[in-house]
Amino acid sequence: MDNFVFLYLACILAGFALINLPLAGSLLAGIQPVTSLIGILTILVFSLVLIFKGIIALVGK
């Protein structure tokens, strides 16, 4: 089993944290769409990596 699986899960959780980051009413409110986009991309990329690792483990390679 790959040692980086928990790191990938932590990255997915960090993506969810970026999506739910409350920036309204602060000076950083203008970058709210950017942080949401980065969070969504992070979740997608690391979820796909975990799915790929799972398929490779099932195939037995």
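Residues numbered from 1 in each chain as written. Predicted model: local features only at pLDDT ≥ 70, side-chain atom pairs only at ≥ 80, totals over all residues. Heavy atoms only, no water.

Enquirer: Would you take a moment to explain the overall build of the protein for this structure?
Expert: The helix and strand inventory of the protein stands at two helices and zero strands. Against the 2.2 N^0.38 benchmark of 10 Å for 61 residues, the protein shows a C-alpha radius of gyration of 15 Å, more extended than a compact globule. Referenced to the eigenvectors of the C-alpha coordinate spread, the extents of the protein come out at roughly 50 × 15 × 10 Å. Going through the 61 residues of the protein one by one, you find that 16% of them count as buried. (Helix = DSSP H or I, 4+ residues; strand = E, 2+ residues; numbered from the N terminus. Rg over C-alpha atoms; globule rule 2.2 N^0.38 Å. Buried < 20%, exposed > 50% of the residue type's maximum accessible area, 1.4 Å probe, protein only.)

Enquirer: Looking at this structure, I do not really get the environment of asparagine 20. What am I missing?
Expert: The residue asparagine 20 is located in the loop between helix H1 (5-19) and helix H2 (32-59) in this model. Taking relative accessible area as the criterion, asparagine 20 reaches 59% and is therefore assigned exposed. Note: C-alpha distance between asparagine 20 and glycine 39 (19 residues apart in sequence) is 8.9 Å.

Enquirer: I would appreciate a short explanation of H1 in the present structure.
Expert: One full turn of an α-helix is made of 3.6 residues, so residues set three or four places apart face in the same direction. The end-to-end C-alpha distance of H1 is 22 Å, a good match for the 21 Å that 15 residues give at a rise of 1.5 Å each. The set of residues buried in H1 consists of Val5, Tyr8, Ile12 and Gly15. For H1, the angular spread of buried residues about the axis comes to 70 degrees, placing them on one side. Pointing more than 90 degrees away from the buried face of H1 are the exposed residues Phe6 and Leu13. Contact partners of the buried residues in H1: H2. (Expected span 1.5 Å × (residues − 1). Arc of directions from axis to C-beta. Contact = heavy atoms within 4.5 Å.)

Enquirer: What is the right way to look at a nonpolar patch on the surface in this model?
Expert: The grouping of Leu27, Leu28, Ile31, Val34 and Ile38 at the surface amounts to a nonpolar patch, some 520 Å² of accessible area in total. Tracing the chain through its elements places isoleucine 38 in helix H2. (Patch = residues over 30% accessible without salt bridge, like charges linked within 9 Å, V, L, I, M, F, W, Y side chains within 5 Å. Areas by Shrake-Rupley, 256 points an atom, 1.4 Å probe, with all protein chains shown as cover. Salt bridge = Lys/Arg side-chain N within 4 Å of Asp/Glu carboxyl O.)

Enquirer: When you look at the environment of valine 49 in this model, what are you seeing that I'm missing?
Expert: Looking at the secondary structure, you find valine 49 in helix H2. In sequence terms valine 49 and phenylalanine 4 are 45 residues apart; their C-alpha atoms lie 11 Å from each other.

Enquirer: What is the right way to look at the side chain of threonine 42 in this model?
Expert: Its location among the elements puts threonine 42 in helix H2. Overall, the relative accessible area of 19% leaves threonine 42 in the buried class.

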